[in-house]
Amino acid sequence: MYDIFPILILYYEATSIKMIDRNVKRTRYLFRVYFEGTLHFKMTSVTSPPCKIFKFQDARASPDQVFEVKSECLHPSPAPIVIDNGSFQTRAGWACNGEEFVHPRLVFKPVAARSRGAARSETQVGNDIPNLEPLRWLLKSQFDRNVVVNFEIQELMFDYIFIHLGIETEGNVQHPLVLTEAPCNPLHCRQMMSELLFECYGVPQVAYGIDSLFSFYYSNTQCGLKPPHTGLVVSSGYHCSHVLPFINGRLDAVNCKRVNVGGSHTAAYMQRLLQLKYPAHQPAITPSRMEELLHQHCYVAVDYQQELERWRSGQFYETEVHRMQLPFSGKAAGSYASVEERQEKRVQQLRRLEEINNRHREERLQQDQERLDALLAVQELLEEGALEQFHRHLVELNMDSAEELQAYIHKLSLSVEQYRLARAEITDFEPPVDEGDGVSQTEVDLSEEPEKPEPEKADHIQPVFNLAEYHQLFVGTERLRIPEVVFRPSLIGEEQMGLTEALQFVLDHLARYSPKEQAAMSENVFLTGGNLLYPGVKERVERELLAIRPFQSHFKVSLAPQPALDAWFGAREWALRHPIGSQGWISRKDYEEKGGEYLSEHCASNAFIPIRTSKADQQASDGSPTEHTQDAGTSAGSLDSDMTKSAGL
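First, a word on scope: everything that follows refers to the structure included in this document. Keep in mind that what you see is a predicted model, and the values were worked out from it rather than measured. (Residues numbered from 1 in each chain as written. Predicted model: local features only at pLDDT ≥ 70, side-chain atom pairs only at ≥ 80, totals over all residues. Heavy atoms only, no water.)

### Considering the overall build of the protein
Within the protein, the secondary structure is distributed over 21 helices and 22 strands. Taken across its 649 residues, the protein has 42% of its residues classed as buried. Residue pairs in contact within the protein that sit at least 24 positions apart in sequence constitute 71% of those at least 6 positions apart. When the accessible surface of the protein is totalled, it reaches about 36300 Å², and 53% of it is carbon and sulfur. (Helix = DSSP H or I, 4+ residues; strand = E, 2+ residues; numbered from the N terminus. Buried < 20%, exposed > 50% of the residue type's maximum accessible area, 1.4 Å probe, protein only. Contact = heavy atoms within 4.5 Å. Areas by Shrake-Rupley, 256 points an atom, 1.4 Å probe, with all protein chains shown as cover.)

Here is the structure:
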């Protein structure tokens, strides 16, 4: 809004009694100069800042190809299939030696879209959905937070993986499977997963592991560290974040902590802030675009309060703000098209209508011809004397006699002949379409529409409306406020500790670990997970640890080279280093003897404590029902409790 003080001065000068006659023209001139200068300053300061304008990529998924199983995956023995069953992305590939098997073959979002009442075969899965936004209300996932609970959708994901890897799912899947699961996965969920794999697909061996621990294992093996490893794994995924203590090559599941904040919460927070900021562009502010903003334009502030103070500076804001250009039509609303443009548009519409009518006519002709051929084939049975077959076909056609069949054949023959004659006449007579004369009478009326009158020339220049600037989102402090949610869940109304408090709670508790164990974990703090891809996250954790740890104590923070992919790389590396049947693999015999919840522990797995049955023999002899004493967290309500209340504990 313009400064009112100079305007009042000009108005007082213009209304002075002695100068009112001779200063009218001068006052108008001063008003014009002031407004033009102010508008020029406002427009240039907004439309040409020293920052770049970014466009949304709006990446669309392309359907995955169906690969052929290589001979290396079959001989000398079937190679394991490695599946990182993530809640944001699923990755699948082979655990084989060779350059072509280093990366996952399939990377897709674990969602399925099926209309109500549609058949199972009509379900779209993963990359078969090019754009998620139109089908957002139909999307279904197998996850509740980071735990698999919908095994019908999980079966669709397995079908998608096996089919595109070139494996026939009609019979048994002869390849072992390495599958990731959530930390402290409930026993019931693992039982259902094992039942699906062994009973439905008939896999010979299964190995379960935690995705973040597979990433930790891969990092240690690449660095050449000798097992057993000790460290503190900090991971943040799509639905929640975890702090996992790792002591002497095993997960200390009792002291794990979970923070129910992840990438989905940050994306929803970004969408809510921008929709409140730009209410006119709410339909264009989609979750997919918010995820793109998070992954490519946000960063973690090392000192959050100090960074907010820097954003108070106008020069800093103009330099660091990111302008996101929304798609828009270059033609302004309400603009008048010329007569030639309207004629050309009408001609194109007529041509499209004619093409649609011709296509419908051809489809109708083809259907009638196929129907006529089928009826003539039935009539030939009568002529050949195959009365039994003829009467059977009459019953299928819902006809009573040969006369009714003959009448219907005659009717169809006339219809087909009429269609063919009409098509021949259209082909013979196709008058050339003149863009000037081939316009309907309504177009003549439109052409007589009076042209838009030219606006009267004003005393000052009118500012030009910048349509591109109107469709821009200025992403400023949101770049650092959104990732801060992981460290401060109170920003989105979550009453729980942040990642830093969880890290301190696990690390600096003398009742849990000795000073020696605390020092060993502090020297190997490992960050992984797709929600820790922000620049500055490593420096932020180092600053927090510097405040947490005692004076002059040592600590080391390392970030996974590829936080989103290292879990799959680690699972593949584990499968290559551990032969089939060794520690960590679950065979079908183990499944049948020990139950579906059974877990063979290894360096990247959960801790397994089976379901304990108290006084089972005595109660069985008394005829009373058996009381099952199961560890906390195996019920459905355990998903909302702390990580200490989990299935493996």
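### A short note on the nonpolar core
Core analysis: the largest hydrophobic core is formed by 45 residues, its most contacted members being L232, M270, L274, L293 and L473. Taken together, the elements giving at least two residues each to this core come down to β12 (231-236), β13 (241-247), α6 (263-277), α7 (287-297), β17 (472-475), α16 (499-507), β18 (525-528) and α18 (537-548). Setting aside anything within four residues of it in sequence, one finds L274 in contact with I285, M290, L293, L473 and E478. (Core = buried A, V, L, I, M, F, W, Y, C linked by side-chain atoms within 4.5 Å.)

### Examining the pattern of salt bridges
Taken as a whole and assessed by the stated rule, the structure comprises 19 salt bridges. Between E320 and R479 there is a salt bridge, and its shortest N-O distance comes to 3.7 Å. One end of the pair, E320, is in helix α9 (residues 314-320); the other, R479, is in helix α15 (residues 478-481), with 159 residues separating them in the sequence. Judged by relative accessible area, which is 9%, R479 ranks as buried. (Salt bridge = Lys/Arg side-chain N within 4 Å of Asp/Glu carboxyl O.)

### Thoughts on the packing of helix α10 (residues 339-384) against helix α11 (residues 387-396)
α11 packs onto α10 with a crossing angle of 150° between their chain directions and a minimal axis gap of 8 Å. Taken as axis vectors, α10 and α11 run roughly antiparallel relative to one another. Helix-helix and strand crossings are classified by hand; for α10 and α11 the assignment is left-handed. Residues V378, L381 and L382 of α10 touch α11, and the partners they reach there are L387, Q389, F390 and H393. In terms of residue class, the contact of α10 with α11 is made up of five nonpolar, two polar and no charged. (Axes fitted to C-alpha atoms, helices over the stretch in contact; angles between N-to-C directions. Parallel < 35°, antiparallel > 145°, perpendicular 65-115°, else oblique. Left-handed = near helix turned anticlockwise from the far one by under 90°. Nonpolar A, V, L, I, M, F, W, Y, C, P; charged D, E, K, R; others polar.)

### What to know about the sheet that holds strand β11 (residues 205-210)
The six strands lie next to each other as β4-β3-β2-β10-β11-β20, forming an open sheet whose pairing is mixed. At either end of the open sheet lies a strand with only one pairing partner, and these are β4 (106-108) and β20 (586-587). When strand β2 (residues 81-85) meets strand β3 (residues 90-94), the two strands line up antiparallel, connected through five bridges. Directly across from N85, in β3, lies its bridge partner T90. The sheet contacts of helix α5 (residues 211-223) involve β2, β10 (177-181) and β11, and relative to β11 the element is tilted by about 85°. (Pairing = 2+ DSSP bridges.)

### Points about a nonpolar patch on the surface
Taken together, the side chains of L350, L353 and I356 make up a nonpolar region of the molecular surface, amounting to roughly 250 Å² of accessible area. By secondary structure assignment, the location of L350 is in helix α10. (Patch = residues over 30% accessible without salt bridge, like charges linked within 9 Å, V, L, I, M, F, W, Y side chains within 5 Å.)

### Some remarks on α16
Those residues of α16 lying buried are L499, T500, A502, L503, V506 and L507. Looking straight down α16, one finds that the buried residues subtend no more than 165° of arc, so they occupy a single side. For α16, the secondary structure elements touched by its buried residues are β12, β13, β15 (257-259), α17 (515-522) and α18. (Arc of directions from axis to C-beta.)

### Digging into unusual backbone geometry
Following H75, the chain continues into P76 via a peptide bond in cis, with omega recorded as 0°. Structurally, the position occupied by P76 is in the loop between β1 (53-55) and β2. Notably, R145 is not glycine yet its phi reads approximately 60°, a positive angle. Mapped onto the elements, R145 comes out in the loop between β8 (143-144) and β9 (147-148). Look at N248: it is not a glycine, yet its phi comes out positive at around 50°. In this structure, N248 sits in the loop between β13 and β14 (250-251).

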